[in-house]
Amino acid sequence: MFTIITGAQFGDEGKGKIVDLLAKDYDIVARFQGGNNAGHTVRVGNEVYKLHLIPSGILLDARVLIGPGVVLDPEVLAKEIKMIEGHGIKVDASKLGIDAKASIIMPYHIEMDKLREESREKKIGTTKSGIGYAYIDKVARDEIRMAELVDSERFLARLKELAPQKEKEIATMGGNPKIVRDPAIIERYLEFGRQFATYVTDVSREINEALDEGKHVMAEAAQGTHLDVIHGTQKFVTSSSTIAGSACANLGVGPTRVDNVIAIVKAYITRVGEGPLPTELTGELGEKLQKAGGEFGTTTGRSRRCGWFDLPLLKKAIALNGYTEISLTKLDVLTGLDPIRICVCYNYKGKNVDYPPELTEDLWECAPVYEDLPGWKNDLTEVRAFEELPENARNYVKRLEKLMRVPINYISVGPGRAQTFKKE
Ligand code: GDP
Ligand code: IMO
Ligand code: MG
């Protein structure tokens, strides 16, 4: 079985929590794109794991893979392995595999990301972790790959080849070119190479062989659908393709092998960084949602902008991903709000439209048209079955399901593993 899980909104939908929950039924969990711009929080009992690179399946028995479409910062990986081992989970080559072609994020990529963002008149609000510049180098065929990182001779030769060009670029951007050949950095990277050498694998081959043997494989996305570099709200997007089809392309698995595509959908919407968010709530209500949902970035600590559920954006996410089912998260956060609003369409140039216009500049012009539903007062965090939800919460879920026309299979009412139930 091959399952793809993606975020249906602007990221932070609760992918980490749901992947952790489902991973017990999978032999392999593989990350297919992005890098440590992602922050996936998994809570197990009183312990909180913040994962940026390693798939959330690591906490269970699954083998976890980092695919060739990922941009990998070795500093972050080393810290993450240490953090996980600190919790008593052994991370060795039988548990973690990294594709030989994964692109390495170098300190100069981070520097360039920062310099570029600072010089932008209209900011994107990137995580400043070098993601965009690492992907630029991949496309420009100037990347350093995992296979080079773990082979000191090849690493040094590749860096020598690339350095003059990188130094020139950084100097032009107003930065210090010394970062490119800093001896302390090079020594650290050579050490990372030695540390990670045993993890190197061919992810596409591993997954295809596992599927041939009847094993279960899950592809875990980072970010969210509307941050997709092709189909998202450019220019306010990340630098990789975040939608389901990208899992096949990036992992090297044919689309005929996909069995199901699961959407992670938050019961409202959030966004970190700049860009349009038609249902955004500024003021008291927005702050209330932010506080109740703990909407502060896992990676950068920035506050997440919050808004009501946006159906047009969800419809587009369904089209882009071909979802077969939905996991609805953070329903508990809406407790105490009355009414609860669903944006069912936009008013765009005087007309009601139920699908987002293609261009970001037009999405800025869209005003939400709401349908109001009565709220509920009861705390939901102890609820363990759909029937136990207050009637108005059940009605909200049923209404969303009817509007989205994709079955909601799981409902999450808190960050813990136990705070999830099947809708049936
Ligand atoms: P991801 O990037 O999609 O994995 O999501 P994040 O981990 O960045 O953000 C989701 C946050 O919400 C995390 O802090 C989770 O622990 C938390 N969370 C997940 N599901 C629920 C839920 O149903 N209710 C509440 N209150 N918190 C949740
Ligand atoms: P997870 O996996 C939310 C946003 C950044 C910025 C834009 C581009 O936790 O859902 P980048 O550093 O990628 O060049 O920044 O994308 N962004 C995210 N927002 N969740 C994420 O990941 C994100 N990863 C990137 O805030 O607006
Ligand atoms: Mg996140």
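About the thresholds
- Residues numbered from 1 in each chain as written.
- Chains lettered and ligands numbered in written order.
- Predicted model: local features only at pLDDT ≥ 70, side-chain atom pairs only at ≥ 80, totals over all residues.
- Heavy atoms only, no water.
- Domains from an automatic or database assignment.
- Buried area = accessible area lost by both parts, 1.4 Å probe.
- Salt bridge = Lys/Arg side-chain N within 4 Å of Asp/Glu carboxyl O.
- Near = heavy atom within 4 Å.
- Polar contact = N/O pair within 3.5 Å; in protein donor to acceptor, adjacent residues only side chain to side chain.
- Areas by Shrake-Rupley, 256 points an atom, 1.4 Å probe, with all protein chains shown as cover.
- 1 Å grid on protein atoms, 1.4 Å probe; cavity = no way out; pocket = protein on both sides within 12 Å on 5 of 7 lines; lining within 4 Å.
- Sits in = over half its atoms within 2 Å of the grid points.
- Nonpolar A, V, L, I, M, F, W, Y, C, P; charged D, E, K, R; others polar.
- Core = buried A, V, L, I, M, F, W, Y, C linked by side-chain atoms within 4.5 Å.
- Buried < 20%, exposed > 50% of the residue type's maximum accessible area, 1.4 Å probe, protein only.
- Helix = DSSP H or I, 4+ residues; strand = E, 2+ residues; numbered from the N terminus.
- Contact = heavy atoms within 4.5 Å.
- Patch = residues over 30% accessible without salt bridge, like charges linked within 9 Å, V, L, I, M, F, W, Y side chains within 5 Å.
- Lys, Arg positive; Asp, Glu negative; His and termini not counted.
- Charge placed at Lys NZ, Arg CZ, Asp CG, Glu CD.
- Donors = N, O, S within 2.8 Å, 3.2 Å for Na, K, Ca; no water.
- Points joined across faces, edges and corners; volume = space filled by probe spheres on them.

**Observations regarding the domain arrangement of the protein chain**
Consideration 1: Segmenting the protein chain into domains produces domain 1 (2-100 + 200-260), domain 2 (103-197) and domain 3 (265-422).
Consideration 2: Each of domain 1 and domain 2 has a C-alpha centre, and the two are 23 Å apart.
Consideration 3: Between domain 1 and domain 2 lies a buried interface of about 2,000 Å² when both sides are counted; carbon and sulfur atoms form 64% of it.
Consideration 4: Counting across the domain 1 and domain 2 interface gives one salt bridge.
Consideration 5: Residues Glu 75 and Arg 188 are paired through a salt bridge, measuring 2.5 Å at the closest nitrogen-oxygen approach.

**Notes on the site of ligand 2**
Consideration 1: In the vicinity of ligand 2, 20 residues are found, and the nearest of them are Asp 12, Lys 15, Thr 127, Gln 223 and Thr 238.
Consideration 2: A distance of 2.8 Å separates an oxygen atom of ligand 2 from a polar backbone atom of Asp 12.
Consideration 3: His 40 places a side-chain nitrogen or oxygen 2.8 Å from an oxygen atom of ligand 2.
Consideration 4: Protein chains shield 97% of the accessible area of ligand 2, which is 550 Å² for the free molecule.
Consideration 5: Here ligand 2 occupies the largest pocket.
Consideration 6: Class assignment for the residues of the shell around ligand 2 results in seven nonpolar, ten polar and three charged.

**So, the nonpolar core**
Consideration 1: Counting 61 residues, the largest nonpolar core has Leu 331 and Tyr 396 as its most contacted members.
Consideration 2: The element contributing the most residues to this core is helix 13 (residues 391-404), with six residues.
Consideration 3: For this core, the two domains that each supply at least three residues are domain 1 (2-100 + 200-260) and domain 3 (265-422).
Consideration 4: Each residue touching Tyr 396, except ones within four places of it in the same chain, is listed here: Ala 267, Phe 309, Leu 331, Leu 334, Ile 340, Ile 342, Leu 373 and Trp 376.
Consideration 5: Counting 56 residues, the second-largest nonpolar core is a separate cluster that includes Val 19, Ile 81, Met 106 and Tyr 410.

**A look at a positive patch on the surface**
Consideration 1: Taken together, the side chains of Lys 114, Arg 116, Lys 122, Lys 123, Lys 128 and Lys 235 define a basic patch exposed on the protein surface.
Consideration 2: Looking at the element boundaries, Lys 123 is found in the loop between helix 3 (107-119) and helix 4 (131-139).

**Digging into the coordination of the magnesium ion (ligand 3)**
Consideration 1: Protein ligation of the magnesium ion (ligand 3) involves Asp 12 (OD) and Gly 39 (O), the donor distances falling in the range 2.0 to 2.1 Å. With a gap of 27 residues between them, Asp 12 in the loop between strand 1 (2-7) and helix 1 (15-22) and Gly 39 in the loop between strand 2 (28-31) and strand 3 (40-44) connect regions that are remote in the sequence.
Consideration 2: A relative accessible area of 11% means that Gly 39 is categorised as buried.

**Here's the deal with the layout of surface pockets**
Consideration 1: The calculated volume of the largest pocket comes to roughly 700 Å³.
Consideration 2: When residues of the lining of the largest pocket are traced back to their parent elements, those giving at least two are helix 3 and helix 4.
Consideration 3: Considering every element that reaches the lining of the largest pocket, the biggest residue donor is helix 4, with six residues.
Consideration 4: Here the lining of the largest pocket is composed, by residue class, of 13 nonpolar, 16 polar and ten charged.
Consideration 5: If you go around the second largest pocket, you meet 27 residues; those closest to its centre are Thr 41, Gly 293, Arg 304, Lys 330 and Pro 415.

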